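So the chains spell out like this:
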Amino acid sequence: MSDDLYAVDKQAQKLAGEKGGFPAQEQQPPGLTPPMEPTPDHGEQTWVGRDRLAGLKALITGGDSGIGRAVAIAYAREGADVAINYLPEEQSDAEETKAWVEKAGRTCVLVPGDLTEETVARKIVDDAAAGMGGLDIVVNNAGFQWARRDSGLADVKTSDMDRVFKTNLYALFWVSQQALKYLGKGSSIINVSSIQAYDPSEPLIDYAATKAAINNFTVNLAADLGSKGIRVNAVAPGPIWTPLQPATKPGDGMPSFGGDTPLGRAGQPAELAGAFVFLASPAEASYVSGTVVGVTGGRPVF
Ligand code: NAD
Ligand code: MG
């Protein structure tokens, strides 16, 4: 390994915490960024834009924090205006993302709202397109899971299922359908899947099912929209250090979080941005549609 690469790897290990883990910690959903220890890396100090999305307009659901914030920062530095959706109680995280987008010289439109409501899910798309003056890229990134359970199916409540299925699946249908009013040739939709679609774990039995469905939806929608010149892809993250983790899993699981990957650590949100920039780029990914890009630290996505 070159010295430079070694330094990057060491930095990533440092960000991931001592011995590849994190201090035990827990929040209530949806979770916020400031209480996290250590602070996640969204590429604030590292992402270098090359105008790969110049002049494009992107809606990112769940763009306030975690993977969505890293994507917002990278997209802005690549020349795109950004609209972000999030839950109202995440306003402070959203303001932080907005500040980074504006620092990159781009517009950031805030469209808060609960995506489990159909009218809200459709309205945030219209408001985003109105605010930016168009829409070229939709990143269906918002997601919810609940894993503070003793077992798998036996502990799943209907209220959990409703929130998980509506956030991860219904909203994805509503948002994508509404976006068809605005998307055209060269546009793209990027859905967020998970390693859970391929290697599900029992406490996430409902969440994992939605992520497998997202892969299926991605392939089918790519076939549906291909004739319009609209590409549809997905990114499947492995374990990534975001508020979702301490907000939805037992806090004593954080020290080992990500340790079971071949790379031996969790990923940082910044390490996902490259896949999202590539898939959104009309030039670089012009013939890429209906595929799922894994960013999993080495865990298999087939
Ligand atoms: P995160 O908590 O930073 O982001 C998830 C976002 O979803 C929240 O910020 C919130 O704004 C949004 N959200 C949740 N419920 C919502 C609702 N009802 N209405 C509107 N917005 C809502 O965590 P993250 O890990 O960056 O999650 C982003 C995506 O990545 C999710 O789809 C998640 O399933 C997926 N993912 C994460 C991991 C991981 O290890 N962190 C692994 C695989 C997949
Ligand atoms: Mg958030």
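Along each chain, residue indices are assigned from 1 in the same order as the chain's sequence is written. Chains carry letters from A onward and ligands carry numbers from 1 onward, assigned in written order. Confidence filtering applies because this is a predicted model: local features only for residues at pLDDT of at least 70, side-chain atom pairs given and counted only at 80 or more, and all residues used for totals across whole chains, interfaces and linings. Hydrogens and water molecules were not included; the side-chain quantities draw on all heavy atoms of the structure.

The name that an unreviewed UniProt entry assigns to the protein is NAD(P)-dependent oxidoreductase, with the source organism given as Tessaracoccus lapidicaptus. Note on the protein: under the UniProt heading Sequence similarities (unreviewed entry), the record states "Belongs to the short-chain dehydrogenases/reductases (SDR) family." UniProt positions are given in the numbering used here, feature names are shortened, and annotations may be inferred rather than shown by experiment.

What follows deals with the pairing of strand β4 (residues 137-140). Residue exposure (1.4 Å probe, protein chains only): buried if accessible area is under 20% of the type maximum, exposed if over 50%, otherwise partly exposed. A run of DSSP states H or I qualifies as a helix once it reaches four residues; a run of E qualifies as a strand once it reaches two. Both are numbered from the N-terminal end. Here β4 shows no split at all, with Ile 137 and Val 139 on one side and Val 138 and Asn 140 on the other all buried. As defined by bridge partners, strand β1 (residues 57-61) adjoins β4 across 3 bridges and the pair is classed as parallel. Bridging from a neighbouring strand, Ala 58 pairs with Ile 137 of β4. We treat two strands as partners when DSSP finds at least two bridges between them. When β4 meets strand β5 (residues 188-192), the two strands line up parallel, connected through 4 bridges. The residue of β5 that forms the bridge with Asn 140 is Asn 191. We call a crossover right-handed when, viewed with the strands running away from us, the connection from the first strand over the helix to the second turns clockwise. Crossover handedness for the path β4 to helix α5 (residues 158-179) to β5: right-handed.

Moving on: the nonpolar core. Nonpolar side chains in soluble globular proteins tend to end up buried together. Buried residues of nine kinds, namely Ala, Val, Leu, Ile, Met, Phe, Trp, Tyr and Cys, make up a nonpolar core once their side-chain atoms join them within 4.5 Å. Counting residues in hydrophobic clusters, the biggest one holds 31 residues, and the most contacted among them are Ile 60, Tyr 75, Ile 84, Ile 190 and Phe 276. Ranked by size, the runner-up nonpolar core spans 28 residues in total, among them Leu 59, Val 111, Leu 135 and Ile 189.

Note on definitions: salt bridges are taken to be side-chain nitrogens of Lys or Arg within 4 Å of carboxyl oxygens of Asp or Glu. On inspection of all chains with the given rule, the structure shows 15 salt bridges. Where Glu 284 meets Arg 52, a salt bridge forms, and the shortest distance between an N and an O atom there is 3.6 Å. With Glu 284 in the loop between α8 (273-280) and β7 (292-295) and Arg 52 in the loop between α1 (3-15) and β1, this pair connects stretches of sequence that are 232 residues apart. For Lys 123, the salt bridge goes to Asp 127, with nearest N and O atoms at 2.7 Å. Taken as a pair, Lys 123 and Asp 127 lie in helix α4 (residues 118-132) at a separation of 4 residues, close to a single helical turn. By relative accessible area, Lys 123 is classed as partly exposed at 48%. For Asp 127, a relative accessible area of 32% gives the class partly exposed. One salt-bridge network, in which partners are shared between bridges, spans Arg 52, Glu 78 and Glu 284.

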